[in-house]
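Chain by chain, the residues run as shown.
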Amino acid sequence: MAVLTADKVTKRFGGLDALQRIDLEVKEQAIQSIIGPNGAGKTTFFNCVTGFYTPEEGEIYLEGHPIVGMSPDRVAKRGIARTYQNIRLFKNMTAIENILVGMHPHLRSTMIGGILHTRGTLSEEAESLAEARRLLGFVNLTGQGDMLAKNLPYGAQRRLEIARALANKPKLLLLDEPTAGMNPSETQATMNLIRRLRDELGITILLIEHQMRVVMGISELITVLDYGAKIAEGLPQEIQGNPTVIEAYLGKGSAREFTIAPSTEA
Amino acid sequence: MKTDPSAVWKQSLRNGLIAGGIAILVSLVGLVEAFGDDYIISGLVSVGELILLFPIFLFAYLTIHGNSGQSRATQLGMTALIGLVAGLMLTLLVIVGSTTNMREMFVNASPALFNMLTRGVPFPLGALVPPLQCILAAWISLGFTLIPERFRKPISLGILWVIILGTLRDQILLISIIQVEPLYTIFRYFIFAQSGLSLIGALIIFVLATGLSYYTSTRQKATQVTRTPKRQKTTRIILFMGLGVLIALLPQILGLFYSEILDTTGLFIMMGLGLNIVVGFAGLLDLGYVAFYAIGAYTMGVLTSSGLGLFDLTFWQAMPFALLVAWLAGLLLGLPVLRMRGDYLAIVTLGFGEIVRLLALSNWLRGTLGGTQGIQSIAQPAIGPIRFDSIQSLYYLIVLGIIIVAFVAWRLKGSRLGRSWMAVREDEDVAQAMGINLVLTKLMAFSTGALFAGLAGALGAAKLTSVYPHSMTFLVSINVLVLIIIGGMGSIPGVFVGALVLVGLPGILTEFQEYRLWFYGLALVLVMLLRPEGLWPEARRKLELHEAETEGLVPIEEMAPAATFTELPRDR
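Computed from a prediction, not measured in an experiment: that's the story for all the values here.

Caption draft 1: Region of the structure containing the overall build of chain A. A count of helices and strands for chain A gives 10 helices and 10 strands. Counting only C-alpha atoms and orienting by the principal axes, one finds that chain A spans roughly 70 × 40 × 35 Å. Looking at the 266 residues of chain A, the share that counts as buried comes to 49%. Long-range pairs, those at least 24 residues apart, make up 64% of the contacts in chain A with a sequence separation of at least 6.

In structure tokens, the structure reads:
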């Protein structure tokens with residue numbers, strides 16, 4: 001069964017069609033990618049899925065339930081978490097507090113409970129703290145939990161953002177360029193992490209990515225967007241040889257000479 | 001190091017110009033002349049002279065501090081240059097001021113001021129007085145840097161105490177414990193003079209403060225090693241108990257004048273703690289916060305005033321209503337403005353504050369709110385036979401209120417709600433994407449802040465037994481906001497520090513009342529430049545290292561090849 005189904009999703013900004021009748025299906029426990037040149041509408045699509053934008057037409061289903069029109073916080077509660085292209089942590093909070101905020105929708109403690117420290121609140125806080133420490137260890141940040149997020153090194157910030165999203169206990173995790181600005185070894189580490197998220201935690205993953213090495217190495221299905229329209233969809237090897245895709249990236253006439261291959265991305 | 005030898009002279013010249021500029025500014029603002037007769041040490045140093053020469057002390061010290069590598073002779077020359085430049089600027093001011101009429105623009109550019117600057121020496125020779133005086137001041141600064149390191153701090157503390165006690169002569173003699181007889185005679189006739197300290201008094205205080213500071217600093221080094229955690233804990237408990245007893249006895253020790261200041265400061269602390277939730281925790285800029293104070297105060301007034309005769313409840317009966325109405329007002333304002341961000345929110349809240357004030361002032365509601373006359377004879381609290389009808393007894397209720405409010409703020413800060421507030425402050429969109437309900441979270445912040453202000457308002461109304469629309473001005477909102485900023489945004493102890501500095505201190509320094517806003521501006525600029533995070537910055541709680549951290553992460557950690565992540569470069 002599909003975790004996420006987009007049905008003819010259209011989003012317009014004034015006269016610009018940022019998304020035109022996009023159909024997309026993400027299978028349970030899949031790792032899928034969306035690629036496309038700059039301005040193709042990839043992040044717009046993510047924003048539609050997370051409820052930050054409301055598409056003008058079409059419907060999006062999470063496990064069969066329509067989610068268009070829901071506010072982002074309700075979408076998050078239903079099980080979609082995301083990371084951002086340019087890291088957006090809560091900078092002046094510690095790493096562990098960032099993760100605790102991610103757990104927010106699953107915590108029950110009330111204002112009164114927080115003031116009076118009722119037994120329920122205290123045990124819930126202790127549990128969530130233990131869980132947060134566990135997640136911190138999962139992304140290999142043990143020992144840095146009390147540092148302010150803004151003081152963490154770049155790679156650690158990326159990993160913390162993933163940990164925060166995981167704290168949301170998502171069914172579907174949207175990763176927006178998770179390897180942006182990383183060197184080859186960091187990129188490899190992130191790819192391993194993404195696989196583990198799926199294999200060990202059973203989370204379905206949809207990612208936007210520019211590094212072809214990552215896209216081709218990790219994805220089971222690739223969707224290509226260009227000018228807001230879906231121009232191709234298929235397995236990595238199919239996309240690599242697809243003339244339309246090559247044209248979208250490199251311009252008309254290029255298809256004869258080039259193929260998109262991992263080796264072109266160094 | 002700089003290779004250009006002229007660089008130090010250029011720097012000295014520049015610093016001299018800045019110091020001279022500040023000296024001219026304080027002269028023209030009127031600070032020098034106004035305090036020319038207020039002596040710190042009777043007949044020797046006046047507050048005005050200190051204010052005039054302080055920039056020269058400061059800049060000479062900073063210049064030497066930045067050029068400690070230079071030879072003594074160069075340093076002597078540098079400080080002389082600073083003093084000379086600043087002094088010549090003052091001479092110029094005197095010459096310009098006495099030949100042309102500057103008073104249309106600078107009211108304080110009076111002959112009395114010029115007379116002070118030249119120390120009464122008539123002209124041709126008098127022109128030399130300011131430069132000589134300034135060079136002397138700069139050299140005193142230089143002399144200060146020659147003092148060995150370990151004596152420097154005790155000596156500066158000694159001087160500071162002399163300045164503080166000398167300036168505050170009148171206020172200290174008002175303290176009730178000092179008015180007990182043998183003490184009063186000692187202080188009034190021995191330590192203090194007609195104005196400021198007597199010479200002997202100054203010496204005694206200097207020796208005492210310097211000696212004590214030196215003694216404690218040498219002792220501390222010796223005992224630091226031996227202190228165990230358990231002993232630390234007991235000393236902390238003793239410290240807290242001592243503080244508690246001191247707070248409880250303050251009104252009796254200090255007397256009426258200070259109790260009044262304490263009460264006002266307390267009310268501002270309460271408001272600060274409330275606004276700190278809205279602005280500091282949740283990041284929602286509220287410029288009309290006084291509205292909630294007004295609502296609390298007016299509710300208390302309408303419900304209890306015997307003059308108005310509408311309801312005639314007691315203080316305690318009216319209190320829940322005052323809190324409820326303030327809380328509801330917070331919700332009411334919160335609902336429409338939640339969609340606004342940043343500047344827009346600030347403007348709307350500003351408008352709300354003005355609306356509430358104008359409603360209280362209006363003829364339309366005159367029957368219930370009293371219009372310009374306000375509401376008089378508001379009930380004061382009583383518990384059984386104990387009546388809280390004086391400034392000194394109300395102090396205890398205010399302290400109780402602060403304890404409750406601070407406790408609630410502190411607990412909330414560490415709670416799930418507190419984390420959501422801070423997430424909203426940091427990044428609203430991401431907070432929402434993490435599952436935080438923005439509307440609810442912001443409403444909670446607004447209404448909790450309003451509730452605290454409502455409590456302060458109700459207590460404030462009871463303290464004065466009256467409320468007037470004229471006391472609910474925009475300036476109060478700004479006051480509260482500034483004290484939060486100076487104390488440290490989001491910091492609970494910062495609110496206390498900010499209120500003491502910005503409300504308590506100006507209350508004590510009644511003579512400076514005229515320069516209060518001047519002082520606010522100066523404090524704001526200095527804090528923003530030197531300590532942008534505030535005097536007592538917000539501290540994040542340490543959550544990770546509370547217990548052994550290895551438990552709980554075994555299953556996932558084991559499967560991870562350790563090398564995967566450890567190969568990542570740590571900094572980028």
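Caption draft 2: Examining the overall build of chain B more closely. For chain B, the helix and strand inventory stands at 26 helices and 4 strands. Each principal axis of the C-alpha atoms in chain B carries an extent, and together these give about 80 × 75 × 50 Å. Considering chain B as a whole, with its 572 residues, one finds that 41% of them fall into the buried category.

Caption draft 3: The arrangement of the packing of helix α12 (residues 229-254) of chain B against helix α13 (residues 256-281) of chain B in detail. Residues and elements named next belong to chain B. Contact geometry of α12 with α13 gives a least axis separation of 6 Å together with a crossing angle of 140°. Between α12 and α13, the interaxial angle falls into the category oblique. Seen from α12, the contacting residues are L250, P251 and L254; seen from α13, they are Y258, S259 and L262. Taken together, the residues of the contact of α12 with α13 break down into 5 nonpolar, 1 polar and no charged.

Caption draft 4: Molecular detail of the domain arrangement of chain A. Residues and elements named next belong to chain A. Domain boundaries assigned for chain A yield domain 1 (2-79 + 170-264) and domain 2 (93-163). On a C-alpha basis, the centroid separation for the pair domain 1 and domain 2 is 29 Å. At the junction of the two partners, domain 1 supplies 7 residues and domain 2 supplies 5 residues. Looking at the side of domain 1 that touches domain 2, the elements with two or more residues in it are α2 (72-78) and α7 (184-201). Per-class residue counts for the side of domain 1 that touches domain 2 are 4 nonpolar, 1 polar and 2 charged.

Caption draft 5: Structural view of the packing of α13(B) against helix α18 (residues 391-414) of chain B. Residues and elements named next belong to chain B. Contact geometry of α13 with α18 gives a least axis separation of 9 Å together with a crossing angle of 20°. Relative to α18, the element α13 lies roughly parallel. Remark: the crossing between α13 and α18 carries left-handed chirality. For the contact of α13 with α18, a count of residues per class yields 17 nonpolar, 5 polar and 3 charged.

Caption draft 6: Structural context of the sheet that holds strand β8 (residues 204-208) of chain A. Residues and elements named next belong to chain A. Spatially, 6 strands are ordered β6-β7-β8-β3-β9-β10 in an open sheet, and the strand pairing comes out mixed. Across the chains shown, the open sheet's two edge strands, defined by having one partner strand only, are β6 (80-82) and β10 (229-234). Put simply, the sheet's adjacent strands are angled 20° from each other on average, direction ignored. For strand β3 (residues 31-35) and strand β9 (residues 221-226), the ladder comprises 4 bridges, and the chain directions are parallel.

Caption draft 7: Representation of the sheet that holds strand β5 (residues 65-66) of chain A in the model. In spatial order, the strands read β2-β1-β4-β5 (chain A); together these 4 strands make up an open sheet with antiparallel pairing. Of all strands in the sheet, those bounded by a partner on one side alone are β2 (16-27) and β5 of chain A.

Caption draft 8: Layout of the interface of chain B and chain A. Contacts between chain B and chain A engage 39 residues on the former and 47 residues on the latter. At the level of secondary structure, the elements contributing two or more residues to the side of chain B that touches chain A comprise α18, α19 (416-426), α20 (428-433), α25 (554-559) and α26 (562-566) of chain B. When residues of the side of chain B that touches chain A are assigned to their parent elements, the largest contribution, 7 residues, is made by α19(B). Broken down by class, the residue content of the side of chain B that touches chain A amounts to 17 nonpolar, 7 polar and 15 charged.

Caption draft 9: Molecular detail of the pairing of β9(A). Residues and elements named next belong to chain A. With 5 of 6 residues buried, β9 is to be regarded as a mostly interior element. Where β9 lies against β10, 5 bridges are found, and the strand directions are antiparallel. Across the sheet, residue L225 finds its bridge partner in β10, namely K230. Following β9, the chain reverses through 2 residues before pairing antiparallel with β10; Y227 in that reversal takes a positive phi of roughly 45°.

Caption draft 10: Focus on the confidence of the model for chain B. Residues and elements named next belong to chain B. Of all residues in chain B, 93% attain a pLDDT of 70 or more, and the chain-wide mean is 86. Per-element confidence in chain B ranges from a low mean pLDDT of 34 for α25 to a high of 95 for α19. Counting contacts from residues 547-572, a segment whose pLDDT is below 50, to residues more than four positions away or on other chains yields 29 contacts. Scored as a complex, the prediction yields pTM 0.87 and ipTM 0.90.

Caption draft 11: Representation of the domain arrangement of chain B in the model. Residues and elements named next belong to chain B. Structurally, chain B comprises domain 1 (6-221) and domain 2 (252-537). The gap between the C-alpha centroids of domain 1 and domain 2 is 38 Å. Across the boundary between the two partners, domain 1 contributes 7 residues, which contact 8 residues of domain 2. Across the side of domain 1 that touches domain 2, the residue classes break down as 5 nonpolar, 2 polar and no charged.

Caption draft 12: Representation of the nonpolar core. Ranked by size, the top nonpolar core spans 168 residues in total, and within it I99(A), A163(A), M270(B), M271(B), A294(B) and A326(B) carry the most contacts. In this structure, M271(B) is in contact with Y289(B), Y293(B), F452(B), A453(B), A456(B) and V480(B), ignoring residues within four places of it in sequence. If you look at the next biggest cluster of nonpolar residues, it comprises 48 residues, including A60(B), I64(B), V162(B) and A193(B).

Caption draft 13: Inspection of unusual backbone geometry at higher detail. Residues and elements named next belong to chain A. A positive phi is found at Q29, a non-glycine position, where the angle reads about 55°. For E63, which is not a glycine, the phi torsion comes out positive at approximately 50°. Mapped onto the elements, E63 comes out in the loop between β4 (57-62) and β5. Note on E63: 15 C-beta atoms within 10 Å, which makes it partly exposed.

Caption draft 14: Here's a closer look at the environment of N242(A). Here N242(A) shows up in the loop between α9 (236-240) and α10 (243-250). For the pair N242(A) and L62(A), spaced 180 residues apart in sequence, the C-alpha separation works out to 30 Å.

Caption draft 15: Examining helix α23 (residues 492-508) of chain B more closely. Residue and element names in this part refer to chain B. If you check α23, its first and last C-alpha atoms are 23 Å apart, about what 17 residues at 1.5 Å a residue would give, namely 24 Å. The principal kink in α23, of about 30°, is found at L500. All buried positions along α23 are accounted for by I492, G494, V495, F496, G498, A499, L502, V503, G504 and G507. Packing partners of the buried residues in α23 comprise α13, α18, α22 (474-487) and α24 (516-530).

Caption draft 16: Focus on α13(B). Residue and element names in this part refer to chain B. The end-to-end C-alpha distance of α13 is 36 Å, a good match for the 38 Å that 26 residues give at a rise of 1.5 Å each. Of all 26 residues in α13, 22 are buried; the element is thus mostly enclosed. Within two residues after α13, G283 carries a phi angle of roughly 70°, on the positive side.

Caption draft 17: Geometry of the environment of E511(B). Assignment of secondary structure puts E511(B) in the loop between α23 and α24. For E511(B), a count of 15 C-beta atoms within 10 Å gives the class partly exposed.

About the cut-offs
- Along each chain, the written sequence defines residue order, and numbers are assigned to residues from 1.
- Note on labels: chains are lettered from A, ligands numbered from 1, in written order.
- In keeping with the predicted nature of the model, local features appear solely for residues at pLDDT of at least 70, side-chain atom pairs appear and are counted solely at 80 or more, and the whole-chain, interface and lining totals rest on all residues.
- Per the convention used, a helix needs a DSSP run of H or I reaching at least four residues, while a strand needs a run of E reaching at least two, with both numbered from the N terminus.
- Exposure in this text rests on C-beta crowding, where 20 or more other C-beta atoms within 10 Å of a residue's own make it buried, 12 or fewer make it exposed, and counts in between make it partly exposed. The C-beta atoms are placed from the backbone.
- Contact between two residues is assigned when their C-beta atoms, built from the backbone, lie within 7 Å.
- All axes are obtained by fitting lines to C-alpha atoms, using only the stretch in contact for helices, and the reported angles, taken between N-to-C directions, cover 0 to 180 degrees.
- Note on angle classes: values under 35 degrees are labelled roughly parallel, values over 145 roughly antiparallel, values of 65 to 115 roughly perpendicular, and the remainder oblique.
- Each residue gets one label: Ala, Val, Leu, Ile, Met, Phe, Trp, Tyr, Cys and Pro are nonpolar, Asp, Glu, Lys and Arg are charged, and the others, such as Gly, are polar.
- These domain limits were set by an automatic method or by a database of domain assignments.
- Here is the rule for handedness: rotate from the far helix to the near one, and if that takes an anticlockwise turn smaller than a right angle the crossing is left-handed, while a clockwise turn gives right-handed.
- A pair of strands is considered paired only if DSSP assigns at least 2 bridges between the two.
- Per residue, pLDDT captures the predictor's confidence, and it can take any value from 0 to 100.
- A set of buried Ala, Val, Leu, Ile, Met, Phe, Trp, Tyr and Cys residues, joined through C-beta atoms within 7 Å, is what we mean by a nonpolar core.
- Multiplying one less than the number of residues by 1.5 Å gives the expected span of a helix.
- To get the bend at any residue, fit one axis to the seven residues that end at it and another to the seven that begin at it, then take the angle between the two axes.

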